Amino acid sequence: MLTQDLQVFNKDLNKHVEIKNVKIGNGGFALIAGPCAIESFDQLYASLFHAKKNGANILRAGAYKLRTSPYTFKGLEGEGLKMLIEISKELEMPVVTEIPGPDLLDQFEDVDIIQIGARNMQNIPLLEAAAKTQKPILLKRGFASTIEELLLSAEYLLKNGNSNIILCERGIRTFETSTRNTLDLSGVPLIKSLTNLPIIVDPSHGTGLSELVIPMSKAAIASGCDGLMVEIHPTPEKALSDSRQALSFDEFSSLYSSIKEYLKLENKIL
Ligand code: PEP
Ligand code: MN
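Residues numbered from 1 in each chain as written. Chains lettered and ligands numbered in written order. Predicted model: local features only at pLDDT ≥ 70, side-chain atom pairs only at ≥ 80, totals over all residues. Heavy atoms only, no water.

1. Section: helix α3 (residues 124-132)
So, point 1. Among all positions in α3, only Leu 126, Leu 127, Ala 130 and Ala 131 are buried. Projected down its long axis, α3 carries its buried residues within an arc of 125°, all on one side. Among the exposed residues of α3, those pointing more than 90 degrees away from its buried face are Pro 125 and Lys 132.
So, point 2. Close packing links the buried residues of α3 with β6 (113-116), β7 (137-140) and α4 (147-159).
So, point 3. Directly after α3, the chain includes Gln 134, whose backbone phi takes a positive value near 70°. (Buried < 20%, exposed > 50% of the residue type's maximum accessible area, 1.4 Å probe, protein only. Helix = DSSP H or I, 4+ residues; strand = E, 2+ residues; numbered from the N terminus. Arc of directions from axis to C-beta. Contact = heavy atoms within 4.5 Å.)

Rendered as structure tokens:
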């Protein structure tokens, strides 16, 4: 592990990020939920409304989808982003969504938290430009990145004047193929021992299987994380992206009820 004198290791760094009265870190817990991709106004509205009514304190949805294949659904892009901003304002909820590159930053002015996804964790011009907005940044671990590399990417944000950083463990690629990724929960207490920055866990991308999302959410809370980000869909089997990992509305409601006691044990407030 790094021994250098980095800002990310500074124990005077703020221990939490606060956005519209939601505190992430230092006892505050984020439950972020919404669809993988925005597919239509109705699908988005139904998902975000359900997320809000069933315990989520931050909403998510992808407008620009950085898909592995150029022939799969790439999201509704700018149109989707407008819907997301409109609905989050109507529901009076903070929202996080992924930015594909620095050229689109001006479209993200009304987005509360800018997500830098796994595929972009080491996109240095994007890290530098996003940091300068002073908006909170959700920085996801690359699927082939070490913890050290994740912290060095956070260091780029800090060096560019932004300490509103939320790290995210979302699984890494290993020899195991039964799950989409291997959710590296041991990274959570390790990261907590190294930095004050809050860290959340994404068990949806981390496993790729909806039936594993609730058990791994409980495990993530036990590992000491400051939040969860999960994908939901009104009809998971019909989702245009990441269908196999999406929770149905009923499953999301039961996720919320099943994590309540775990949060109490860890003294986290949702
Ligand atoms: C997402 O959260 O929408 C996403 C694409 O995740 P990741 O960057 O972790 O693959
Ligand atoms: Mn997804």
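The discussion continues.
2. A closer look at the site of ligand 1
So, point 1. What surrounds ligand 1 is the set Arg 60, Lys 65, Glu 98, Gln 115, Gly 117, Ala 118, Arg 119, Lys 140, Arg 170, His 205, Met 229 and Glu 231.
So, point 2. Take Lys 65: an N or O atom from its side chain is 3.0 Å from an oxygen atom of ligand 1.
So, point 3. A distance of 2.6 Å separates an oxygen atom of ligand 1 from a polar atom in the side chain of Arg 170.
So, point 4. When ligand 1 is considered free in solution it has 300 Å² of accessible area, and contact with the protein chains removes 94% of it.
So, point 5. A per-class count over the shell around ligand 1 returns two nonpolar, three polar and seven charged. (Near = heavy atom within 4 Å. Polar contact = N/O pair within 3.5 Å; in protein donor to acceptor, adjacent residues only side chain to side chain. Areas by Shrake-Rupley, 256 points an atom, 1.4 Å probe, with all protein chains shown as cover. Nonpolar A, V, L, I, M, F, W, Y, C, P; charged D, E, K, R; others polar.)

3. Description of the coordination of the manganese ion (ligand 2)
So, point 1. Coordination of the manganese ion (ligand 2) by the protein is provided by Cys 36 (SG), His 205 (NE2), Glu 231 (OE) and Asp 242 (OD), with metal-donor distances spanning 2.0 to 2.4 Å.
So, point 2. Along the chain, the residues that donate to the manganese ion (ligand 2) are spaced as C-x168-H-x25-E-x10-D. Note that Cys 36 is positioned in the loop between β3 (30-34) and α1 (41-53) and His 205 in helix α6 (residues 203-207), a separation of 169 residues in sequence.
So, point 3. Given a relative accessible area of 9%, His 205 falls into the buried group. (Donors = N, O, S within 2.8 Å, 3.2 Å for Na, K, Ca; no water.)

4. Overview of the packing of aromatic side chains
So, point 1. For the structure shown, the criterion picks out three aromatic pairs.
So, point 2. Ring geometry for Phe 41 against Tyr 45: centres 6.1 Å apart, planes inclined by 20°, an arrangement best described as stacked. Here Phe 41 pairs with Tyr 45, and both are found in helix α1, just four residues apart, close to one helical turn.
So, point 3. Here Tyr 45 falls in the partly exposed class, since its relative accessible area comes to 23%.
So, point 4. Three or more aromatic residues joined by ring pairs form one cluster here, namely Phe 41, Tyr 45 and Phe 49.
So, point 5. Seen from the ring of Phe 143, Arg 173 lies directly overhead, with NZ or CZ sitting 5.0 Å from the centre. (Phe/Tyr/Trp six-rings, centres within 6.5 Å; stacked < 30°, edge-to-face > 60°. Lys NZ or Arg CZ within 6 Å of the ring centre and 35° of its normal.)

5. Structural notes on the state of the cysteines
So, point 1. Scanning the entire structure with this criterion turns up zero disulfides.
So, point 2. Cys 225 takes part in no disulfide bond, and the closest cysteine sulfur to it belongs to Cys 168, at a distance of 9.4 Å. (Disulfide = S-S within 2.5 Å.)

6. Here's the deal with unusual backbone geometry
So, point 1. A positive phi is found at Glu 77, a non-glycine position, where the angle reads about 50°.
So, point 2. Despite not being glycine, Asp 242 has its phi angle at roughly 50°, a positive value.
So, point 3. For Asp 242, the location among the structural elements is in the loop between β10 (227-231) and α8 (249-265).

7. Points about the side chain of Asn 196
So, point 1. With respect to the element layout, Asn 196 can be found in the loop between α5 (187-194) and β9 (199-201).
So, point 2. A distance of 3.0 Å separates the side chain of Asn 196 from the backbone oxygen of Lys 11, its partner in a polar contact.
So, point 3. A polar atom in the side chain of Asn 196 sits 2.6 Å from the backbone oxygen of Leu 13.
So, point 4. Those residues in contact with Asn 196 that lie beyond four places of it in its chain are Val 8, Asn 10, Lys 11, Asp 12, Leu 13, Asn 14 and Lys 15.

8. Comments concerning the nonpolar core
So, point 1. Among the nonpolar cores identified, the biggest contains 69 residues, and Leu 139, Leu 167, Leu 228, Phe 252 and Leu 255 are the most heavily contacted of them.
So, point 2. Among the elements that take part in this core, α4 stands out by supplying six residues, more than any other.
So, point 3. Each residue touching Leu 255, except ones within four places of it in the same chain, is listed here: Leu 31, Val 213, Ile 214, Ser 217, Val 230 and Leu 247.
So, point 4. Among the nonpolar cores identified, the runner-up in size contains 14 residues, and Ile 24, Val 96, Ile 166 and Cys 168 belong to it. (Core = buried A, V, L, I, M, F, W, Y, C linked by side-chain atoms within 4.5 Å.)

9. Thoughts on α8
So, point 1. End to end, α8 covers 26 Å across 17 residues, agreeing with the expected 24 Å (1.5 Å per residue, within 8%).
So, point 2. Taken together, the buried positions of α8 are occupied by Phe 249, Phe 252, Leu 255, Ile 259 and Leu 263.
So, point 3. Residues of α8 that are buried sit in contact with β3, α1, α7 (210-222) and β10.
So, point 4. Just beyond α8, the residue with positive phi is Asn 267, at close to 55°. (Expected span 1.5 Å × (residues − 1).)

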